[in-house]
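Geometric and topological summary
Spelled out, the chains give:
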Amino acid sequence: MGEIEGEEEKKMVEIYLKIIGPSPPCHLNVASSIKVHELRKMIAGNRHMPIENLRLVLRGNALHDSENGDDVAVQLNNGDSLIVAVKPKPPPKHFRDEFEDDDDDELRFQLPPSTSKWKRKLFYILREKLKFPDMLLMVISSISPKVWIIIMTWFILASIARRYEVAPLFLLATGFGFIFCNLGHRRQGELSAYSVFNEDFQELPGTLNAEHIDRDIRAGRF
């Protein structure tokens, strides 16, 4: 039974691409059962189209890469017609109408096609269930897993510090730790702007302090 299902998935069909615009229509051989994002990638590569602006319509329905955080697969039949369109880039901001359509999903933040399945599910929950704004979703997507681990660890330690009533000390330690971790690295022989970190408290040339002012006053330079 599994072999029969596998053969059905590997079955190839020929579909007819109706491309909106000056490009001529063409035929394409694809698997009868294929994920939408794989079909979109195949058409974009075959016809040299921008994948991020490619829109597909099959049997009157627009095809979406994912639904409820899961990849969507489509069943194709031999001879099916697929409408292919490239969404034009939005005009410059000063040319746009001040009454924009807030329900235009195409202008919302989109995850790249290579995004993992668990991350798609997470973003679906944040956007559709918790109603996170797109700006916040962009910030979340830009944070690396390492930083997320550090943030989660900090909140866990903060809750423990609060339970034992040492939260102020924990916040101070966190602040000093953040400062020291972002001091940077000096090359061999390079002086720090803070003389306390230099050997023999050596200062940078041209540094002005109270000792220099007192010396200049005593020497009559002022």
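See the structure above.
As the structure is a prediction and not an experimental result, all values here were calculated from the model.

Turning next to unusual backbone geometry. Even without a glycine there, the phi angle at Arg59 is positive, about 55°. For Glu165, which is not glycine, the phi dihedral falls at a positive 60°. Mapping Glu165 onto the fold places it in the loop between α5 (145-163) and α6 (167-181). The class for Glu165 is exposed, based on a relative accessible area of 73%.

Bringing a nonpolar patch on the surface into the picture now. Among the surface-exposed residues, Ile156, Leu157, Ile160, Tyr164, Val166, Leu169, Leu172, Phe176, Phe178, Ile179 and Phe180 lie close enough to one another that they form a single nonpolar patch of about 1200 Å² accessible area. Looking at the nonpolar patch, the element that brings in the most residues is α6, giving six residues. Tracing the chain through its elements places Ile160 in helix α5. The exposure class of Ile160 is partly exposed, given its relative accessible area of 38%.

Among the nonpolar cores identified, the biggest contains 21 residues, and Ile15, Leu17, Leu39, Ile43 and Leu82 are the most heavily contacted of them. Of all elements in the fold, only β1 (12-19), β2 (26-31), α2 (36-47), β4 (54-58) and β9 (81-86) reach the threshold of two or more residues within this core.

Once that is clear, we can look at the packing of α5 against α6. Two quantities define a packed helix pair, namely the angle between the helix axes and the distance between the axes. Two elements in contact, α5 and α6, have axes whose closest approach is 8 Å; the angle formed by their N-to-C orientations is 145°. On α6, the residues that touch Trp154, Leu157, Ala158, Ala161 and Arg162 of α5 are Ala167, Phe170, Leu171 and Thr174.

It is worth spelling out the sheet that holds strand β5 (residues 61-62) at this point. Hydrogen bonds along the backbone pair up the strands of a sheet, which may run parallel or antiparallel. Spatial strand order, β2-β1-β9-β4-β5: five strands in an open sheet with mixed pairing. Looking along the sheet, the strands with just one partner apiece sit at the ends: β2 and β5. Of the pairings in the sheet, the one linking β4 to β9 comprises five bridges and is antiparallel in character. What sits directly across from Leu54, in β9, is Val86.

What follows covers the packing of aromatic side chains. Scanning all chains against the criterion turns up two aromatic pairs. Taking 5.2 Å as the distance between ring centres and 90° as the angle between the ring planes, the aromatic pair formed by Trp154 and Phe155 counts as edge-to-face. Given the relative accessible area of 29%, Trp154 is considered partly exposed. On the basis of an interplanar angle of 40° and a centroid distance of 5.6 Å, the ring pair of Trp154 and Phe170 is categorised as tilted. Taken together, the residues span a long stretch of sequence, with Trp154 in helix α5 and Phe170 in helix α6 at a distance of 16 residues.

This part takes up the pattern of salt bridges. The full count for this structure, using the stated rule, is two salt bridges. Between Asp80 and Arg59 there is a salt bridge whose closest N-O contact spans 2.7 Å. Taken as a pair, Asp80 in the loop between β8 (73-75) and β9 and Arg59 in the loop between β4 and β5 lie far apart in primary sequence, 21 residues in all. A relative accessible area of 13% places Asp80 in the buried class.

Calculation criteria
Residues numbered from 1 in each chain as written. Predicted model: local features only at pLDDT ≥ 70, side-chain atom pairs only at ≥ 80, totals over all residues. Heavy atoms only, no water. Helix = DSSP H or I, 4+ residues; strand = E, 2+ residues; numbered from the N terminus. Buried < 20%, exposed > 50% of the residue type's maximum accessible area, 1.4 Å probe, protein only. Patch = residues over 30% accessible without salt bridge, like charges linked within 9 Å, V, L, I, M, F, W, Y side chains within 5 Å. Areas by Shrake-Rupley, 256 points an atom, 1.4 Å probe, with all protein chains shown as cover. Salt bridge = Lys/Arg side-chain N within 4 Å of Asp/Glu carboxyl O. Core = buried A, V, L, I, M, F, W, Y, C linked by side-chain atoms within 4.5 Å. Axes fitted to C-alpha atoms, helices over the stretch in contact; angles between N-to-C directions. Contact = heavy atoms within 4.5 Å. Pairing = 2+ DSSP bridges. Phe/Tyr/Trp six-rings, centres within 6.5 Å; stacked < 30°, edge-to-face > 60°.

Function cannot be read off these values alone, since they describe shape.
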